[in-house]
Structures are given as structure tokens and as C-alpha cells.
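Residue-level listing of the chains:
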Amino acid sequence: QVQLVEFGGGLVQAGGSLRLSCAASGRTLSNYAMGWFRQAPGKEREFVAAIDEIGRYYYSQSLKGRFAISTDVAKTTLYLQINNLQPQDTAVYYCAASLRYTGSRTTQWNYWGQGTQVTVSS
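Residues numbered from 1 in each chain as written. Predicted model: local features only at pLDDT ≥ 70, side-chain atom pairs only at ≥ 80, totals over all residues. Heavy atoms only, no water.

1. Topic: the overall build of the protein
For clarity, the cut-off: The way it works is that DSSP assigns letters per residue, a run of H or I at least four long becomes a helix, a run of E at least two long becomes a strand, and they are numbered from the N terminus. Taken over C-alpha atoms, the radius of gyration is set against a globule rule of 2.2 Å times the number of residues to the power 0.38.
A tally of helices and strands in the protein yields zero helices and eleven strands. Moving toward the C terminus, one meets the helices and strands of the protein in the order β-β-β-β-β-β-β-β-β-β-β. Its C-alpha radius of gyration of 13 Å places the protein within 12% of the 14 Å reference for a compact globule of 122 residues. Each of the three principal axes of the protein carries a C-alpha extent, and together these read 40 × 25 × 20 Å.

Shown next as C-alpha cells:
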């Protein structure tokens, strides 16, 4: 069973930066696709970014530019660097994993973390 734990969220002022981390346990995820999603209050969970099982990168077109996804060499930790945070970035950020990258819909991902809250004050 794949277990994902996110951390690094918090309260930050607009214009600031955060780096979220997602630690994977239970099995190696070196051959898995891994990604980040977020869910703002009252909204559906939306795709942010992903790295597929062979290392290709995918970003939401609407969010591209301020978000950067990366992993450590062993692919045991997934990161999301968020720069120039804005109040509209306030959301719970979720880490996800799947054997193969097949798309950005939540139904296309098999494993989820519990989420980490990011709150941006204006």
C-alpha cells in the first residue's frame, strides 16, 4: 500500500513563497507518476503539476509559471515550490501517485495524501 504524507503548508503573506513536500512510504515510487492537486474552499480539486513515471513534467496551463514540481533523486520525496503566493492560492494541497500518468483528472490517480493547508493573507 502506498502512503503519502504532505507537509510544509502554513500561513504566508501575499508575495511570499512556500515549498511543500510529500513523503512516500510503503514502497518505492521511482516508477510511479506523482503529482500535486489543490482544493480551495467550495471548489473542486484541481490539478497543479505532475511528473510521470519516466520523468516528464506536466503543469496546469492556468497555474504554470509560479509553481515548480520536483523530486529527490530516489523519488521518495515530491516537492512543490510555489512563488509569489496570492490569496487565490489558499487551498488544501494534496499529493497523489499512480502507476502511470494518464491525465489530470482526480479519478486518474490512485493514491492520495491527507493534504496540507496553505493560507495566503493579503
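2. Overview of the pattern of salt bridges
Note the threshold: We define a salt bridge as a contact between a side-chain nitrogen of Lys or Arg and a carboxyl oxygen of Asp or Glu at a distance within 4 Å. Any residue under 20% of the maximum accessible area for its type is buried, any over 50% is exposed, and the rest in between are partly exposed; the area is computed with a 1.4 Å probe on protein chains only.
Under the criterion given, the structure shown has four salt bridges. A salt bridge links Glu46 to Arg38, with the shortest nitrogen-to-oxygen separation between them at 2.6 Å. Judged by its relative accessible area of 30%, Glu46 is partly exposed. Look at Arg38 and you get buried, because its relative accessible area is 7%.

3. Considerations on the packing of aromatic side chains
Applicable threshold: Any two of the Phe, Tyr and Trp rings considered here, Trp counted by its six-membered ring, make a pair once their centres fall within 6.5 Å; the pair's planes then place it as stacked at under 30 degrees, edge-to-face at over 60, or tilted in between.
One pass over the full model with this rule turns up seven aromatic pairs. Seen from their ring centres, Tyr32 and Tyr111 are 6.3 Å apart, and the 50 degrees between their planes marks the pair as tilted. Placement of the pair is Tyr32 in the loop between β3 (18-25) and β4 (33-39) and Tyr111 in strand β10 (residues 111-112), with a sequence separation of 79 residues. Each of the two residues, Tyr32 as well as Tyr111, counts as buried.

4. So, the nonpolar core
Keep this limit in mind: Only buried residues count toward a nonpolar core, which is a set of Ala, Val, Leu, Ile, Met, Phe, Trp, Tyr and Cys residues joined through side-chain atoms within 4.5 Å. We call two residues in contact whenever any of their non-hydrogen atoms come within 4.5 Å of each other.
Residues Leu4, Leu29, Trp36, Leu78, Leu80 and Tyr93 are the most contacted members of the largest nonpolar core, which totals 29 residues. For this core, the elements supplying multiple residues, two or more each, are β3, β4, β5 (46-51), β7 (67-71), β8 (77-82), β9 (91-98) and β11 (116-121). When near neighbours in sequence (up to four residues on either side) are disregarded, Leu78 contacts Leu20, Ser21, Cys22, Met34, Gly35, Trp36, Ile51, Ile69, Ser70, Thr71 and Cys95. Ala33, Ala50, Ala96 and Tyr101 belong to the second-largest nonpolar core, a separate cluster that totals seven residues.

5. Regarding the pairing of strand β1 (residues 3-7)
Applicable threshold: Being paired, for any two strands, means DSSP has found at least two bridges between them.
Burial of β1 is one-sided: the residues Leu4 and Glu6 facing one way are buried, the residues Gln3, Val5 and Phe7 facing the other way are not. Across five bridges, β1 lies against β3 in antiparallel orientation. Within β3, the position partnered with Phe7 by the bridge is Ser21.

From the geometry alone we can't say anything about function, so treat these as descriptive.
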